[in-house]
Amino acid sequence: MRKLAAGNWKMNGTGSSLAEVEALVAALPAPSCDVLICPPATLLSRMATVADGSAIAIGAQDCHANASGANTGDISAEMIAEAGGTHVIVGHSERRTDHAETDAQIRAKAEAAWRAGLIAVICVGETLAEREAGRTLQIVGEQLQGSVPEGATAANTVVAYEPVWAIGTGKVPTLDEIGEVHGDIRARLGDRFGAEAQGMRLLYGGSVKPSNAKEIFAVSNVDGALVGGASLKAVDFGGIIAAL
Ligand code: PGA
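All of the points below concern the structure found in this document. All of these numbers come straight from a predicted model, not from anything done at the bench.

Bringing the site of the ligand into the picture now. The full set close to the ligand counts 13 residues, and Lys 10, His 92, Glu 162, Gly 168 and Ser 207 are the nearest of them. The backbone of Gly 168 places a nitrogen or oxygen atom 2.6 Å from an oxygen atom of the ligand. Here the shell around the ligand is built from residues that sort into 4 nonpolar, 7 polar and 2 charged.

Below you can see the structure in the form of structure tokens.
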């Protein structure tokens, strides 16, 4: 399957940052993997214009479950699609923690993404306390069960495993630990979605850098990465893409 390098800019980037995307477009006329960048909503439309006709897809970092309505500060999946987005991240740990998002809300957001024709990038991952208590597979399994809706297919869903303690910290699980969780995610998706699960892309996220990308991508059932800090600069993200 074709791998996916996805960048999550989080709350970073203004108009001047579009130069990084221009540089990436110029450097990667034909990347050997799919490439996605999820900027803040303020840049969605302009970045989609910059990336138009290139191999780079654009997505958002969150959406509301409803198509429109009295939801101050939120944006809908339909709005993301209209702005030129093709993907939306849902259930990132920063949303689960800072905004107390539940699995049920994340599942509704993923369904909203599909309703608007977007691909949902659904995030799961354990905290350090949960890992140290030996509960990683249980927690990730519960999040998967609760957050991934019925009807998930290889075409409409990407799952990102992001250990909370590895995000932005420079800490990365061992390759064996990544392989264990990704294998378990594949098996659980297989139980629910049958053969379709074989084609669902499973991304690893958490402190992926050009220097560690190659070894992480070689782990079985790792079909790409969700990259935060190292996706902001074309030179870093380009290095990760080159490793895929
Ligand atoms: P990081 O973030 O690459 O900066 O660790 C990953 C993420 O939160 O998606």
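Here the narrative resumes, following the displayed structure.
Pairing in this closed barrel of 8 strands is parallel, and the strands run E1-E2-E3-E4-E5-E6-E7-E8 around the ring. On average, each strand axis in the sheet is inclined to that of its neighbour by 25 degrees, with strand direction left out of account. Note that strand E3 (residues 56-60) and strand E4 (residues 87-90) share 2 bridges and pair parallel. Residue pairing for E4: Ala 60 is matched across the bridge by Val 88. Packed onto the sheet, helix H5 (residues 103-115) meets E4, strand E5 (119-124) and strand E6 (157-161) and runs at close to 160 degrees relative to E5. Across the sheet, helix H7 (residues 136-147) touches E5 and E6, and the angle it forms with E5 is around 150 degrees.

This next bit is on the packing of helix H1 (residues 18-27) against helix H10 (residues 234-243). Relative orientation of the contacting elements H1 and H10 amounts to 40 degrees, with a least axis distance of 9 Å. The crossing of H1 and H10 is right-handed. Here Glu 20, Ala 23 and Leu 24 of H1 come into contact with H10, specifically with Ala 234, Phe 237, Gly 238 and Ile 241. In terms of residue class, the contact of H1 with H10 is built from 5 nonpolar, 1 polar and 1 charged.

Let's shift gears to the layout of surface pockets. Roughly 480 Å³ of internal volume is contained in the largest pocket. Taken together, 18 residues line the largest pocket, and the ones lying closest to its centre are Lys 10, Ala 41, Gln 61, Asp 62 and Arg 95. Ranked by residue count, the leading element in the lining of the largest pocket is helix H4 (residues 93-98), at 3 residues. Partitioned by chemical class, the residues of the lining of the largest pocket number 7 nonpolar, 5 polar and 6 charged. By residue class, the composition of the lining of the second largest pocket is 5 nonpolar, 8 polar and 3 charged.

To continue, consider the packing of H7 against helix H8 (residues 175-193). Look at H7 against H8: their axes get within 10 Å of each other, and the N-to-C directions meet at 35 degrees. Read as a crossing pair, H7 and H8 show a hand that is right-handed. Across the interface between the two elements, Thr 136, Leu 137, Val 140, Gly 141, Leu 144 and Gln 145 of H7 pack against Glu 180, Val 181, Asp 184, Ile 185, Arg 188, Leu 189 and Arg 192 of H8. Of the residues that constitute the contact of H7 with H8, the class distribution is 6 nonpolar, 3 polar and 4 charged.

A separate point is the pattern of salt bridges. Applying the stated criterion across every chain yields a total of 15 salt bridges. Here Asp 62 ties to Arg 95 by a salt bridge, and the two come within 3.3 Å at their closest N and O atoms. Pair noted here: Asp 62 is in the loop between E3 and helix H3 (77-82) and Arg 95 is in helix H4, with a separation of 33 residues, a long-range link. In this structure, the salt-bridge partner of Lys 109 is Glu 101, at a minimum N-O distance of 2.7 Å. Judged by relative accessible area, which is 9%, Glu 101 ranks as buried.

Each value, and the rule that gives it
- By convention here, each chain's residues receive numbers from 1 onward along its written sequence.
- Only residues with pLDDT of at least 70 are given local features in this predicted model, and only at 80 or more are side-chain atom pairs given and counted; all residues enter the totals for whole chains, interfaces and linings.
- As a convention, hydrogens and water are excluded, and side-chain values are obtained from all of the structure's heavy atoms.
- By convention in this text, a residue qualifies as near a molecule or strand provided that one of its non-hydrogen atoms is within 4 Å of it.
- Distance and chemistry together define a polar contact, namely a pair of N or O atoms within 3.5 Å, with one atom able to donate a hydrogen and the other to accept it when in protein, and with adjacent residues in sequence counting only for side-chain atoms on both sides.
- Asp, Glu, Lys and Arg are counted as charged, while Ala, Val, Leu, Ile, Met, Phe, Trp, Tyr, Cys and Pro are counted as nonpolar; the rest, among them Gly, fall into the polar class.
- Any two strands between which DSSP finds at least two bridges are classified as paired.
- To qualify as a helix, a DSSP run of H or I must reach at least 4 residues; to qualify as a strand, a run of E must reach at least 2; elements of each kind are numbered from the N terminus.
- Axis definition: a line fitted to C-alpha atoms, over the contacting stretch in the case of helices. Angles run 0 to 180 degrees between N-to-C directions.
- For this analysis, residues touch if any pair of their heavy atoms sits within 4.5 Å.
- Handedness of each helix crossing follows the sense of rotation of the near helix against the far helix: counterclockwise by less than a right angle gives left-handed, clockwise gives right-handed.
- Using protein atoms alone on a 1 Å grid, points that fit a 1.4 Å probe yet trap it form a cavity, whereas open point sets bounded by protein on both sides within 12 Å along at least five of seven lines form a pocket; residues with an atom within 4 Å of a point count as lining.
- Grid points are joined across faces, edges and corners, and a volume is the space filled by probe spheres set on the points.
- Counted as salt bridges are all cases of a side-chain nitrogen of Lys or Arg within 4 Å of a carboxyl oxygen of Asp or Glu.
- The cut-offs for exposure are 20% and 50% of the maximum accessible area for each residue type, with area from a 1.4 Å probe on protein chains only; residues under the lower value are buried, those over the upper are exposed, and the others partly exposed.

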